Amino acid sequence: MSDKQREAAGASSAPESTSPAQVEAALLVTAAPEGEGDSAIAEVCARARRFAEQHGIHLQEVSVEALLDNGAGCRDRAAHWVVIGDDTVMLKVIDAAEAHEAGLGLIPVGRPTRCQSFYDLPTDRDEALALAFRMPESGLDVLRCNGELVQGQAAVGDVPFLDRRGHAVVHAQDRLWRRWAIVAQLFWTALRRIFQITPSPVRLHLSREDNPRRCAVTGIVLLENDVENVAGRLVGEGLSARDGRLTALLVAPTSIVRYLGFLLATVFTRKSNGRLPGALSYLKTQHLVIESDRELEYRIDGTRRRAKRIEVTVHPQGLRLNAGPRFDGMDGPDEEGKDTLKLGNLPENEARLALIRHRLPLFTHALEDDFKDLFLLLKDSARIGPDYFTLSILSALIGTLGLLLDSAAVIIGAMVLAPLMAPIICVSMAALRRDVQLLKPALVAIGAGVGLSMAVAALIAILIPMRMVNPEIEARLEPSLLDLAVAVFSGVAGAYAYARESVMKSLPGVAIAVALVPPLAVIGIGIGWWDTRIMMGASLLFATNLVGIALAGAVTFMVLGYGPVRSSKHGLIYPALAVVVVAIPLALSFMRMHVVWQAENSLRDQAFVLPSGPVRLEATQVRFINGTLHVRADVYADQWDGPETLRDLRGHVAEAVGRPVHLDVTPRFRY
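Residues numbered from 1 in each chain as written. Predicted model: local features only at pLDDT ≥ 70, side-chain atom pairs only at ≥ 80, totals over all residues. Heavy atoms only, no water.

What about the overall build of the protein chain?
Piece 1. Across its full length, the protein chain holds 25 helices and 19 strands.
Piece 2. A burial count over the protein chain gives 49% of its 671 residues as buried.
Piece 3. When contacts within the protein chain are restricted to residue pairs at least 6 apart in sequence, those whose partners lie at least 24 apart make up 75%.
Piece 4. Of the accessible surface of the protein chain, which amounts to about 32,400 Å², a share of 55% is contributed by carbon and sulfur atoms. (Helix = DSSP H or I, 4+ residues; strand = E, 2+ residues; numbered from the N terminus. Buried < 20%, exposed > 50% of the residue type's maximum accessible area, 1.4 Å probe, protein only. Contact = heavy atoms within 4.5 Å. Areas by Shrake-Rupley, 256 points an atom, 1.4 Å probe, with all protein chains shown as cover.)

Some points on the nonpolar core
Piece 1. If you look at the biggest cluster of nonpolar residues, it comprises 55 residues, and the most contacted ones within it are Met429, Phe557 and Tyr562.
Piece 2. Looking at this core, the elements with two or more residues in it are helix 13 (368–381), helix 14 (386–405), helix 15 (408–417), helix 16 (421–433), helix 17 (436–463), helix 19 (481–499), helix 21 (517–529) and helix 22 (532–559).
Piece 3. Residues Ala78, Trp81, Ile94 and Leu104 belong to the second largest nonpolar core, which totals 32 residues. (Core = buried A, V, L, I, M, F, W, Y, C linked by side-chain atoms within 4.5 Å.)

Overview of the packing of aromatic side chains
Piece 1. Evaluation of the coordinates by the stated rule reveals three aromatic pairs.
Piece 2. Centre to centre, the rings of Phe51 and Phe133 are 5.3 Å apart; their planes meet at 25°, and the pair counts as stacked. Here Phe51 is found in helix 2 (residues 39–54), whereas its partner Phe133 is found in the loop between helix 7 (125–132) and strand 5 (140–145), with 82 residues between them in sequence. With respect to class, Phe51 is no different from Phe133; both count as buried.
Piece 3. Relative to Phe389, the ring of Tyr388 lies with its centre 6.4 Å away and its plane at 80°, an arrangement referred to as edge-to-face. (Phe/Tyr/Trp six-rings, centres within 6.5 Å; stacked < 30°, edge-to-face > 60°.)

Regarding helix 24 (residues 573–603)
Piece 1. Given a rise of 1.5 Å per residue, 31 residues ought to cover 45 Å, and the 45 Å separating the end C-alpha atoms of helix 24 matches this to within 8%.
Piece 2. Its maximal kink placed at Ala583, helix 24 deviates by approximately 30°, while the proline Pro585 follows within four residues.
Piece 3. Considered for burial, the residues of helix 24 that qualify are Pro575, Val579, Val582, Ala583, Leu586, Ser589, Val595, Val596, Ala599 and Leu603. (Expected span 1.5 Å × (residues − 1). Bend = angle between axes of the 7 residues up to and from the residue.)

Observations concerning helix 17
Piece 1. Over its 28 residues, helix 17 runs 41 Å from end to end, which matches the ideal 40 Å to within 8%, given 1.5 Å per residue.
Piece 2. Turning to helix 17, its buried residues number three or more, namely Leu438, Ala442, Ala445, Ile446, Gly449, Val450, Ser453, Val456, Ala457, Ala458, Ile460 and Ala461.
Piece 3. N-capping of helix 17 is provided by Asp435, with a side-chain oxygen placed 3.1 Å from the backbone N of Gln437. (Polar contact = N/O pair within 3.5 Å; in protein donor to acceptor, adjacent residues only side chain to side chain.)

A word on unusual backbone geometry
Piece 1. One non-glycine residue, Glu101, adopts positive backbone phi at about 55°.
Piece 2. As for its placement among the helices and strands, Glu101 is situated in the loop between helix 5 (87–100) and strand 4 (103–108).
Piece 3. Exposure remark for Glu101: the relative accessible area of 58% places this residue in the exposed category.
Piece 4. For Trp530, which is not glycine, the phi torsion reads 55° and is therefore positive.
Piece 5. The topology assignment puts Trp530 in the loop between helix 21 and helix 22.

Let's talk about the confidence of the model for the protein chain
Piece 1. When pLDDT is averaged across the protein chain, the result is 80; 82% of the residues are at 70 or more.
Piece 2. The lowest-confidence element of the protein chain is helix 1 (residues 3–10), averaging 41 in pLDDT; the highest-confidence one is strand 3 (residues 80–85), averaging 92.
Piece 3. Ignoring residues within four places in sequence, the model shows residues 1–18, a span with pLDDT below 50, making 16 contacts including any to other chains.
Piece 4. A low-confidence stretch, residues 33–37 stays under pLDDT 50, and its non-local contacts, those more than four residues away or across chains, total four contacts. (pLDDT = per-residue confidence, 0-100.)

A few points about a nonpolar patch on the surface
Piece 1. Nonpolar side chains collect at one region of the surface, where Ile393, Leu394, Leu397 and Ile398 lie side by side and expose about 260 Å² of accessible area between them.
Piece 2. When you line up the elements, Leu394 lands in helix 14. (Patch = residues over 30% accessible without salt bridge, like charges linked within 9 Å, V, L, I, M, F, W, Y side chains within 5 Å. Salt bridge = Lys/Arg side-chain N within 4 Å of Asp/Glu carboxyl O.)

Let's talk about the pairing of strand 10 (residues 219–223)
Piece 1. In terms of burial, strand 10 is a largely internal element, five of the five residues being buried.
Piece 2. Residues Gly219, Val221 and Leu223 of strand 10 are buried on one face, and the alternating residues Ile220 and Leu222, pointing to the opposite face, are buried as well.
Piece 3. In this sheet, strand 10 lies alongside strand 7 (residues 153–157) in antiparallel orientation, the contact comprising five bridges. Across the sheet, residue Ala155 finds its bridge partner in strand 10, namely Val221.
Piece 4. Note that strand 10 and strand 11 (residues 246–251) share five bridges and pair antiparallel. When the sheet's bridge partners are listed, Val221 is paired in strand 11 with Leu249. (Pairing = 2+ DSSP bridges.)

Concerning the packing of helix 17 against helix 21
Piece 1. Between helix 17 and helix 21, the least distance of the axes is 7 Å, while the angle of their chain directions is 45°. Relative to helix 21, the element helix 17 lies oblique. As for how helix 17 packs across helix 21, the hand of that crossing is right-handed. For the pair helix 17 and helix 21, the contacting residues are Val450, Ser453, Met454, Ala457, Ala458, Ala461 and Ile462 in the first and Leu520, Ala521, Ile523, Gly524, Ile525, Ile527, Gly528 and Trp529 in the second.
Piece 2. Considered class by class, the residues forming the contact of helix 17 with helix 21 number 12 nonpolar, three polar and no charged. (Axes fitted to C-alpha atoms, helices over the stretch in contact; angles between N-to-C directions. Parallel < 35°, antiparallel > 145°, perpendicular 65-115°, else oblique. Left-handed = near helix turned anticlockwise from the far one by under 90°. Nonpolar A, V, L, I, M, F, W, Y, C, P; charged D, E, K, R; others polar.)

Considering the environment of Val492
Piece 1. Looking at the secondary structure, you find Val492 in helix 19.
Piece 2. Given a relative accessible area of 34%, Val492 falls into the partly exposed group.
Piece 3. Between the alpha carbons of Val492 and Ile549 there is a distance of 7.3 Å; along the sequence they are 57 residues apart.
Piece 4. Beyond its immediate chain neighbours, meaning those up to four positions away, Val492 contacts Ala552 and Thr556.

A few points about the pairing of strand 12 (residues 280–285)
Piece 1. Counting buried positions along strand 12 yields six of six residues, so the element is predominantly enclosed.
Piece 2. Residue alternation in strand 12 divides its side chains into two sets, Leu280, Tyr282 and Lys284 and Ser281, Leu283 and Thr285, and both sets are buried.
Piece 3. When strand 11 meets strand 12, the two strands line up antiparallel, connected through six bridges. Residue pairing across strands places Ala248 opposite Leu283, the latter belonging to strand 12.
Piece 4. Here three bridges tie strand 12 to strand 15 (residues 340–342), and the two strands are oriented antiparallel to one another.

Let's talk about the packing of helix 14 against helix 15
Piece 1. For the pair helix 14 and helix 15, the least separation of the axes is 8 Å and the interaxial angle reads 165°. In terms of their interaxial angle, helix 14 and helix 15 are classed as roughly antiparallel. Relative to helix 15, helix 14 is oriented so that their crossing is left-handed. Contacts from Leu391, Leu394, Ser395, Ile398, Gly399, Gly402 and Leu403 of helix 14 reach helix 15 at Val410, Ile411, Ala414 and Leu417.
Piece 2. Its residues assigned to classes, the contact of helix 14 with helix 15 comprises eight nonpolar, three polar and no charged.

Okay, here's the thing in structure tokens:
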């Protein structure tokens, strides 16, 4: 630096040791010759001249047109160019600066420009001037897509909210109501065209692989400097504009459900946790070619293009540009030059590609290997053998004794031991696939388990002389729609656990939730006591569990892709009809339950004024039998006149509950 420059730097408020070095000479590039340009450009040019004079910078001026006509000559005049103008001007000069290896400083004019965002340029004019005339730092990578410069990002195909539209999502993250408004808008837009999304079969040629990768994608995002959006946040901290690699996010959902999950992830992702959503894959490489048999639509910084072959190249640190502080800590080139490939979610299997070639299915279809593993697991689990008989007998013994002892803990132990869940889930798969070979052994296993459990329970009920309907038995005599809901959710959990080995350990919890053995034990107790009410009530509960699990399991397997929706719906007809038949008495039972609940609420700690004096009901119990409410309660009264008081009380109770009642009371007196 010359003495004159040091004196100019010393005149500034910052000490010399902390002030950045300025260039000795620069070429000022403007959008039009002086006197003919915009007033804002003229004002900035004037400030640039004063800045250069204050810092001893030899400044020459040239128009954009002259620079583009003779870039080499301009490079000979000054190795550093300072550009004043809008995005269009800067894009042209950046192209020329890379070609002629000139250093570059950018001063955006007017409204905030994309260059200002891409290169993290300051909005303060003085700071922008100081940065533009600074000695160039290390270079930035130059990304080109079919030869065109990519400043921010390029997008191929359908990449909702991963392109520049994602800026709105990022900016809305700090306000809950704005985030939910964007979610609503996002899904409304997606649902209107969700069934029109068609994956594009493409061939990906990577720099270090000889053979192309054949896959199907709905979109690809190529990132360069535009990282302040959802795509940048999904990738995380590994992005760098100085590593000599291009970064690509590949959107490749295997179903509409997975596509919707990807959309949801893009909205709510604030910071990368190292894991990509199931529909995304990620790669960093030096060179990428995307080929397709049909034309692909792609956008370079928002400008639309079409081509069958898209070649993406990187010129490592090919641009010497004074960028903002965001670029200071970025990683440089990897010495080993390794590519980063996270393509586990990319559909490359030929069978998978055949399933999504024309359009996305509603649910992800399982492949042949998935079918094979699950079928073997279900067949083994539902096989009748010594273990199956042993567990059936033990669970029935423990469950029956637990019911007679009125012990919930013992009954839970019987639920865990019961082996009936596996053959019922096997029936779900057989019904979905209409597989008779899978259905027959499963039904035989269910029949054997049911018969054995009821026989053991009936034998115990005959041998033990006690005959008392305790609360644990009573609780299983009047199932309702709530019990059907429990069975349905248990069927979903059971099918999901069998389809996902990672959650197989949750099966004991599923067995406890669905409670298959206790109703069978109650049926056996009813047979041993020859009590029709007990047998009918518990049989309805078991039938509820059976059909609820079977239908829910079949639907869950369909959702997980083990059966196409069109062909599977025929296999769901019989389980659905069974559920409808069972739901009729369950609905009636639920209505009775609601009537009892209303009556108990109306009579809880209720006081009535009778001719004989005030009376109060306590410890009220209500049952609904043959259309009549049976009310049992303790009656506290100062005076009791026998049948006349009871008749008056019955009338008041019937009026309170709004229906006829049968009254069974125990008079109690207080003094």
